Amino acid sequence: GLERLEILRGPSSVLYGQTEVGGLVNAQSKRPSTQPIREVGVTVGTKGRKQITADVGGAIDEQGDWSYRLTVVGREARGQVDYTKDNRLYVAPALTWKPDASMSLTLLAYLQNDSVPPNMYLPAVGTSQSGPYGRIPSNRYTGEPGVDHFASEQRSVGYLLDKRFSDALRARQARVLEQILEPLRIAPCGIRRSLVVAADRLAERGADPEELDLLLPRTLLPPCGQHGQEHGDHQRERHVHARDRRE
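Residues numbered from 1 in each chain as written. Predicted model: local features only at pLDDT ≥ 70, side-chain atom pairs only at ≥ 80, totals over all residues. Heavy atoms only, no water.

(A) Summary view of the overall build of the protein chain. Helix and strand counts for the protein chain stand at three helices and 10 strands. Written out in order from the N terminus, the α and β elements of the protein chain read β-α-β-β-β-β-β-β-β-β-α-α-β. Of the contacts made within the protein chain by residues no fewer than 6 positions apart, 57% connect residues no fewer than 24 positions apart. (Helix = DSSP H or I, 4+ residues; strand = E, 2+ residues; numbered from the N terminus. Contact = heavy atoms within 4.5 Å.)

Here's what the structure looks like:
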């Protein structure tokens, strides 16, 4: 759904508010055009991948005062990890009103629903490092099928107003209200929790500390608390962002 990417290097807070000192990336969504746009695509691939894309647009009236753009992506596929999905639904309509050469108003919106594979936190031993029990395949699912998953909804509505008063004076305003919904996210950290429980039980039975280090290299396992709840807990999040820019 992007028309182009703009990379601004260096501190840009003077122009666009508080940003990182290294620069920023401006992702511009597809805008309406008076030229006819007719593009439809179908993709079929491995892991049951089926995808349909569409990008249509053009002028609505003969004068070209009104124009539109509609971008759609629908995908169903299995994820790279066992028991996971890689599904996406993306719909982005846009409408532009240009009563004269000095003014234009564009309404933008999009809806994106994702059901993507969650992060499978595998230990370094057995993946990037050799382990005593061989290698762990990258498609290994460490959670509970049918329970652990990651689903999100993103919605955005905004407008762009551009008014030229003279060759030396021009005003622009852009405002976007973005809502990101994550109604259910379960972070699968089952392998970490299982290893912790197993190591604690062996320690109670007087196991050799060196053997415990081989079983549970605690420093190499990801801290689940930084990425979500322990296996079996539900985490709900809701983020609403409003961005306003004037020039």
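Next comes the rest of the write-up.
(B) Here's a closer look at the packing of aromatic side chains. Scanning the entire structure with this criterion turns up three aromatic pairs. Ring geometry for W66 versus W97: centroids 6.0 Å apart, planes at 25 degrees, classification stacked. Of the two residues, W66 sits in strand β5 (residues 66–76) while W97 sits in strand β6 (residues 87–100), which places them 31 residues apart along the sequence. Consider the rings of Y83 and Y141, whose centres lie 5.6 Å apart with planes at 80 degrees: the pair is edge-to-face. Here Y141 lies in the loop between β7 (103–116) and β8 (150–164) and Y83 lies in the loop between β5 and β6, a separation of 58 residues in the sequence. The exposure class of Y83 is exposed, given its relative accessible area of 64%. Over the ring of F165 we find K163, and its NZ or CZ is 5.9 Å from the ring centre. (Phe/Tyr/Trp six-rings, centres within 6.5 Å; stacked < 30°, edge-to-face > 60°. Buried < 20%, exposed > 50% of the residue type's maximum accessible area, 1.4 Å probe, protein only. Lys NZ or Arg CZ within 6 Å of the ring centre and 35° of its normal.)

(C) Fine view of the environment of P99. Assignment of secondary structure puts P99 in strand β6. Of the residues examined, P99 reaches a relative accessible area of 32% and is grouped as partly exposed. P99 sits 34 residues away from D65 along the chain, and the two C-alpha atoms are 5.5 Å apart.

(D) Highlighting the environment of T43. Looking at where T43 falls in the secondary structure, it is placed in strand β3 (residues 37–45). The class for T43 is partly exposed, based on a relative accessible area of 33%. When the C-alpha atoms of T43 and T53 are compared, they prove to be 8.4 Å apart, with 10 residues separating the residues in sequence. Sequence-distant contacts of T43, defined by excluding residues within four places in its chain, comprise R49, K50 and Q51.

(E) Structural detail: the pattern of salt bridges. Under the defined criterion, the tally for this structure stands at nine salt bridges. Of the charged contacts in the structure, one is a salt bridge between R4 and E6, with a shortest N-O distance of 2.9 Å. On the basis of relative accessible area, R4 is assigned to the partly exposed category, the value being 41%. E6 sits in the partly exposed class, given a relative accessible area of 27%. For R155, the salt bridge is made with E153, and the minimal N-O distance between the two is 2.9 Å. A residue is classified by how much of its surface remains accessible, and E153, at 24% relative accessible area, is partly exposed. Residues participating in the shared-partner salt-bridge network are E3, K30, D55 and R69. (Salt bridge = Lys/Arg side-chain N within 4 Å of Asp/Glu carboxyl O.)

(F) Seen up close, the pairing of β6. Pairing of β5 with β6, which is carried by 10 bridges, proceeds in the antiparallel orientation. The partner of S67 across the bridge, within β6, is T96. Note: β6 against β7, 10 bridges, orientation antiparallel. Residue pairing in the sheet places N87 in a bridge with S115 of β7. What sits between the antiparallel neighbours β6 and β7 is a turn of two residues. (Pairing = 2+ DSSP bridges.)

(G) Inspection of unusual backbone geometry at higher detail. At K47, a residue that is not glycine, the phi angle is positive and equals roughly 60 degrees. Among the structural elements, K47 can be located in the loop between β3 and β4 (49–59). Since its relative accessible area comes to 40%, K47 is described here as partly exposed. Even without being a glycine, Y83 presents a positive backbone phi close to 70 degrees.

(H) Expanded view of a nonpolar patch on the surface. Where nonpolar side chains cluster on the molecular surface, the patch consists of L2, L5, I7 and V25 and spans about 430 Å² of accessible area. In terms of residue count, the dominant contributor to the nonpolar patch is strand β1 (residues 2–9) (three residues). Within the secondary structure, L2 is located in strand β1. (Patch = residues over 30% accessible without salt bridge, like charges linked within 9 Å, V, L, I, M, F, W, Y side chains within 5 Å. Areas by Shrake-Rupley, 256 points an atom, 1.4 Å probe, with all protein chains shown as cover.)

(I) Quick peek at the confidence of the model for the protein chain. Scored by pLDDT, the protein chain comes out at a mean of 76, with 66% of its residues at no less than 70. The least confident element of the protein chain, judged by mean pLDDT, is strand β10 (residues 235–246) at 48; the most confident is β5 at 96. Within the model, pLDDT remains below 50 along residues 218–239, and this stretch shows 58 contacts once partners closer than five positions in the same chain are excluded. (pLDDT = per-residue confidence, 0-100.)

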